[in-house]
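Listed below, chain by chain, are the residues.
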Protein chains: 2
Amino acid sequence: MFKDKDFVYIDYVAKIKDTGEIFDTTIEEEAKKANIYDNEKIYKPKLVILGEGAVIKGLEDALYQMSVGEEKEIEIPPEKAYGERDPNKVKTMSLGELRKQGIRPYPNMMLRMSNGSIAVVKSVTGGRVVLDYNHPLAGRTLIYKIKVVKVAETELDKVKALLERYFGSSNVDKFTVEISNDKKEVKITVPKELYLVEDLQSRIYVTAKDIITYVLPDANVLFIETFNKSNFS
Amino acid sequence: MFKDKDFVYIDYVAKIKDTGEIFDTTIEEEAKKANIYDNEKIYKPKLVILGEGAVIKGLEDALYQMSVGEEKEIEIPPEKAYGERDPNKVKTMSLGELRKQGIRPYPNMMLRMSNGSIAVVKSVTGGRVVLDYNHPLAGRTLIYKIKVVKVAETELDKVKALLERYFGSSNVDKFTVEISNDKKEVKITVPKELYLVEDLQSRIYVTAKDIITYVLPDANVLFIETFNKSNFS
């Protein structure tokens, strides 16, 4: 049994109940078997902070009931996943209009529209194109096969988990993190390699926010950058 | 007599020798008298770090020879100011071409060209426009009336001078600066109001660079940001 703000790492394989189609997984071999392997993705257990609401409700709810090492297969109805399908989100457009934008639609093609919304082409017939703006998983019951791999035990583990989330696994070990004995102060030194990263400041901000929200609500979180001659030679 | 890396504050009135025209000053009343008052500018003594090369050579050279409280009028020839005029930088363009860009040129109009260079319109005759890409002060002998108002005495004063330069006079007093007794460490805490300023990181970088270059070459310069609940509520 886990509780709010626990940092739980899970492996999972997720499929659509009706079709058996696997659409997401944290496990490299499973991704390859299902033909959804993405070589830009790092396959590793996923961090879920309970109560954060960053994963679908049905998955998060189930995790509260589990324990480290446990494996479980759960069925998640649409209302606890990507919602019901909305028939009003299926719209018809003229083929000419899409062609003008240089798009030659075919069934199941995914389109990112100029307003940023995403649609799936359902059919192209007689100069008319039917587009579905529903989430591709809306209306689907999902099956998640989950394994709880580990849980972050200490505050230090949790702070490092957040640094990994916002700065990447290749950078996390370059930070030093010190938590005072009374847990009132967290000192984080930023590695020099990151000083000129474009969005350093916003990453520091969200990391600090999550440390205070999920790990040490009463702490002062210090981010320290140290410069000396060697930075400028 | 000053030396390299001294932080000297000066007031000045600068004019063109030939015409007597005042083109720059640090003194509000003088700016008003000369009709060059700019209400976006804060009139106050200018910081010159000797050896930095951020002001014209003739001015910097003269400052080395002065002392606090001293007033002096100096004459600076073009080669120690904005250089000689280069006749090859005077070019002719068709009026039509400028009109196409929506520009209606008239004599003495300043133009910022599409490549970023700045030109002054010398004449507009018979469909042809003569543009001068020389610096407006090129070829001019300048007269500077200078007063050395003060000099930053301590390392702390100098660090604050640099914070003022890069973060503005309205922010400088919100920083706290601590220099260790052995001068090996400078700790600067960044005020919370600045955490989400777009270019905070680059301002920190240039400030640290100048502290190490001009004030404490062997120090570690720490910039510290502290977050706690109050940042996120």
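Preceding this paragraph is the structure being described.
Just so it is clear, the model here is predicted, and its values are computed rather than measured. (Residues numbered from 1 in each chain as written. Chains lettered and ligands numbered in written order. Predicted model: local features only at pLDDT ≥ 70, side-chain atom pairs only at ≥ 80, totals over all residues. Heavy atoms only, no water.)

### Focus on the packing of aromatic side chains
No. 1: Counting across every chain of the model gives 18 aromatic pairs over all chains.
No. 2: Geometrically, the ring pair formed by Y37(A) and Y43(A) is stacked, given 5.5 Å between the ring centres and 20 degrees between the ring planes.
No. 3: Here the aromatic rings of F167(B) and F175(B) are separated by 4.8 Å at their centres, their planes lie at 55 degrees, and the arrangement is tilted.
No. 4: The rings of Y195(A), F227(A), F232(A), Y205(B) and F223(B) are connected pair by pair, giving a single aromatic cluster.
No. 5: For K91(A), the ring lying beneath its charged end belongs to Y133(A), and the centroid distance is 5.6 Å. (Phe/Tyr/Trp six-rings, centres within 6.5 Å; stacked < 30°, edge-to-face > 60°. Lys NZ or Arg CZ within 6 Å of the ring centre and 35° of its normal.)

### Thoughts on the interface of chain B and chain A
No. 1: The interface of chain B with chain A comprises 24 residues on the first partner and 24 residues on the second.
No. 2: In this assembly, chain B packs against chain A so that about 2300 Å² is buried in total across both faces, 62% of it on carbon and sulfur atoms.
No. 3: Where chain B touches chain A, the interface holds two salt bridges.
No. 4: In this structure, K229(A) engages D218(B) in a salt bridge whose closest nitrogen and oxygen atoms are separated by 2.5 Å.
No. 5: The interface formed by chain B and chain A holds twelve residue pairs in polar contact (both at pLDDT 80 or more) in total.
No. 6: Mapped onto the side of chain B that touches chain A, the elements with two or more residues apiece are α5 (200–215) and β12 (220–227) of chain B.
No. 7: Ranked by the residues each element gives to the side of chain B that touches chain A, the list is headed by β12(B), at eight residues.
No. 8: Of the residues belonging to the side of chain B that touches chain A, the class tally is 15 nonpolar, five polar and four charged.
No. 9: Across seven bridges, the pairing between strand β12 (residues 220–227) of chain A and β12(B) is antiparallel. Paired with E225(A) across the two strands is F223(B), which belongs to β12(B). (Contact = heavy atoms within 4.5 Å. Buried area = accessible area lost by both parts, 1.4 Å probe. Salt bridge = Lys/Arg side-chain N within 4 Å of Asp/Glu carboxyl O. Polar contact = N/O pair within 3.5 Å; in protein donor to acceptor, adjacent residues only side chain to side chain. Helix = DSSP H or I, 4+ residues; strand = E, 2+ residues; numbered from the N terminus. Nonpolar A, V, L, I, M, F, W, Y, C, P; charged D, E, K, R; others polar. Pairing = 2+ DSSP bridges.)

### Structural notes on the relation of the copies chain B and chain A
No. 1: Between chain B and chain A, which share one sequence, the superposing operator has a rotation angle of 180 degrees and an axial displacement of 0.2 Å; the RMSD is 0.1 Å. The superposition of one copy onto the other is thereby described by a two-fold rotation axis. The C-alpha atom lying nearest the rotation axis in chain B is that of I224(B); the distance is 2.3 Å.
No. 2: Most of the interface of chain B is mirrored in chain A, where 100% of its interface residues again form contacts. (Least-squares fit on C-alpha atoms with pLDDT ≥ 70 in both.)

### A few points about the sheet that holds strand β8 (residues 128–132) of chain A
Residue and element names in this part refer to chain A.
No. 1: Reading across the sheet, the four strands line up as β5-β8-β7-β6 and stay open at both edges, with antiparallel pairing between neighbours. On the outer flanks of this sheet lie β5 (90–94) and β6 (110–112), each paired with one strand and no other. Neighbour to neighbour, the strand axes of the sheet diverge by 40 degrees on average, direction disregarded.
No. 2: Pairing of β6 with strand β7 (residues 118–125), which is carried by three bridges, proceeds in the antiparallel orientation. Each bridged residue has a counterpart across the sheet, and for R112 the counterpart in β7 is I118. (Axes fitted to C-alpha atoms, helices over the stretch in contact; angles between N-to-C directions.)

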